[in-house]
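Examining the three-dimensional arrangement
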Amino acid sequence: MRMKREAEEPVHCVTEGATPGRDRICEDLGRRGVPPEFAEALSQLLETRALGQSGSEYDAMLDGVAAAYGAERSTREELHRNLRELQELERLMGNFVGELSKLDEALEVLAAYVRRMRTNSARHKNQVLH
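A brief report on the enclosed structure follows.

Calculation notes
- Residues numbered from 1 in each chain as written.
- Predicted model: local features only at pLDDT ≥ 70, side-chain atom pairs only at ≥ 80, totals over all residues.
- Heavy atoms only, no water.
- Phe/Tyr/Trp six-rings, centres within 6.5 Å; stacked < 30°, edge-to-face > 60°.
- Helix = DSSP H or I, 4+ residues; strand = E, 2+ residues; numbered from the N terminus.
- Buried < 20%, exposed > 50% of the residue type's maximum accessible area, 1.4 Å probe, protein only.
- Lys NZ or Arg CZ within 6 Å of the ring centre and 35° of its normal.
- Axes fitted to C-alpha atoms, helices over the stretch in contact; angles between N-to-C directions.
- Parallel < 35°, antiparallel > 145°, perpendicular 65-115°, else oblique.
- Left-handed = near helix turned anticlockwise from the far one by under 90°.
- Contact = heavy atoms within 4.5 Å.
- Nonpolar A, V, L, I, M, F, W, Y, C, P; charged D, E, K, R; others polar.

**Here's the deal with the packing of aromatic side chains**
Overall, the coordinates contain one aromatic pair when judged by the stated rule. Judged by centre distance (5.2 Å) and plane angle (45°), the ring pair of Phe38 and Tyr69 falls under tilted. Taken as a pair, Phe38 in helix α2 (residues 36-50) and Tyr69 in helix α3 (residues 55-123) lie far apart in primary sequence, 31 residues in all. Taking the relative accessible area as the measure of exposure, Phe38 reaches 35% and is therefore partly exposed. Under the relative-accessibility criterion, Tyr69 is labelled buried at 10%. Positioned over the ring face of Tyr58 is Arg24, at 4.1 Å from the centre of the ring.

Below, the structure is given as structure tokens:
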């Protein structure tokens, strides 16, 4: 999975009590495609872990966080898509039930008509129809 790095504009994080390290983490996460609201929250959690890491360890940590966010985002999008499909299926099934009830009513009317025809034909069995 390729991360968007220098292609995007830098993210400007505005967090309460922000430190230069937290701002850097937030901006670096933003460059990797993490939205500002998540980057701000994550930067607070990652600030202590980032202390004392080398540049490659720091980049690997942020790449992992960005990849995890991307996976979570795609799972969330898939969940929303499945929910919309389920709601559409529920709507279609509701419409189908309505049509089935109309068909049931029509069949009841036809059955009553056939019963009446049988009753009348049994009474008039000996009559000649012209």
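**Thoughts on the packing of helix α1 (residues 20-31) against α2**
Running from N to C, α1 and α2 point in directions that differ by 125°, and their axes come no closer than 8 Å. Of the possible angle classes, the one that applies to α1 and α2 is oblique. Both α1 and α2 take part in a crossing whose hand is right-handed. Together, Arg22, Ile25, Cys26, Leu29 and Gly30 of α1 and Ala39, Glu40, Leu42, Ser43, Gln44, Leu46, Glu47 and Ala50 of α2 make up the contact between the two elements. Residues belonging to the contact of α1 with α2 are distributed by class as follows: seven nonpolar, three polar and three charged.

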